[in-house]
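A look at the structure
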Amino acid sequence: DGGITQSPKYLFRKEGQNVTLSCEQNLNHDAMYWYRQDPGQGLRLIYYSQIVNDFQKGDIAEGYSVSREKKESFPLTVTSAQKNPTAFYLCASSMDRIAHGANYGYTFGSGTRLTVV
Amino acid sequence: AQTVTQSQPEMSVQEAETVTLSCTYDTSESNYYLFWYKQPPSRQMILVIRQEAYKQQNATENRFSVNFQKAAKSFSLKISDSQLGDTAMYFCAFLSGTYKYIFGTGTRLKVLA
């Protein structure tokens, strides 16, 4: 079945460490997105990518970095510069950023829960 | 700036009853899309229903329907014949002309047996 796989499901980070969250999709979607979910705040866009080797900052990109070397993969690195990284992170994709997302919504992964210890 | 407001943090409904979740939004755009997403305990977001702003007819998907009031900027979700599997967090979302999603803060719905 096609879908989005996020790993790991739970991740613990020590202060000062960088960690990378994996997001893989086999839907042949061009556009991919990273969202952060905090209690009482809904979802906020971190980064998005419309094609391979291109990505754009979202609303809360500070302290995060991404890469898009393959169409299927869009990993998110939470750097030590992110002061409050404890959150739930969701990856999503759509066929394209425009028509498909409007007509069919996004497909989401099942998320990664990151905790700073 | 566009905003989406869900004023009901938590709601509960008896199984087989009907419940309505509220959502209001603010925008100066005339063409946009509205969505309701469901996030069950598994945490994976699932699209429930969508509405195009230029369509006056309210969208329906089986037991789920919306009441779209464009002038009032209101987009409520009605769930009929509620089932235990409907227990989830529900997010209202607005897709702007720049194709950026704006999500509300969510309503946690619990269906009681």
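Everything in this summary refers to the structure shown in the same document. (Residues numbered from 1 in each chain as written. Chains lettered and ligands numbered in written order. Predicted model: local features only at pLDDT ≥ 70, side-chain atom pairs only at ≥ 80, totals over all residues. Heavy atoms only, no water.)

1. Some points on the state of the cysteines
Linking two cysteines covalently via their sulfur atoms produces the bond known as a disulfide. On inspection of all chains with the given rule, the structure shows two disulfides over all chains. Each sulfur of the disulfide joining A:Cys23 and A:Cys91 lies 1.9 Å from the other. Of note, the bridge from A:Cys23 to A:Cys91 carries an S-S torsion of about -75 degrees and is left-handed in sense. Taken together, the residues A:Cys23 in strand β3 (residues 19-25) and A:Cys91 in strand β9 (residues 87-94) connect sequence positions 68 residues apart. Owing to a relative accessible area of 0%, A:Cys23 belongs among the buried residues under this scheme. Under the relative-accessibility criterion, A:Cys91 is labelled buried at 0%. Between the sulfur of B:Cys23 and that of B:Cys92 lies a disulfide, 2.0 Å long from S to S. When the S-S torsion is -70 degrees, as for the bridge of B:Cys23 with B:Cys92, the disulfide is left-handed. Separated by 69 residues along the polypeptide, B:Cys23 in the loop between β3 (19-21) and β4 (24-26) and B:Cys92 in strand β10 (residues 88-95) bring together distant segments of the chain. B:Cys23 gets classed as buried once you look at its relative accessible area, which sits at 1%. (Disulfide = S-S within 2.5 Å. Helix = DSSP H or I, 4+ residues; strand = E, 2+ residues; numbered from the N terminus. Buried < 20%, exposed > 50% of the residue type's maximum accessible area, 1.4 Å probe, protein only.)

2. Section: the sheet that holds strand β7 (residues 64-66) of chain A
Residue and element names in this part refer to chain A. With antiparallel pairing, the four strands of this open sheet are ordered in space as β1-β3-β8-β7. Edge positions in the open sheet fall to β1 (4-7) and β7, since each of these has one partner strand only. This sheet shows a mean twist of 20 degrees between the axes of neighbouring strands, independent of strand direction. In this sheet, strand β8 (residues 76-78) lies alongside β3 in antiparallel orientation, the contact comprising three bridges. Its bridge partner lying in β8, Val-19 is registered against Val-78. (Pairing = 2+ DSSP bridges. Axes fitted to C-alpha atoms, helices over the stretch in contact; angles between N-to-C directions.)

3. Remarks on the environment of B:Cys92
All names here are of chain B. The buried category is assigned to Cys-92, whose relative accessible area is 1%. Taking the C-alpha atoms as reference points, Cys-92 and Lys-73, 19 residues apart in sequence, are found 13 Å from one another. Excluding residues within four positions of it along the chain, Cys-92 makes contact with Val-4, Gln-6, Cys-23, Phe-35, Trp-36, Phe-75, Ile-102, Phe-103 and Gly-104. (Contact = heavy atoms within 4.5 Å.)

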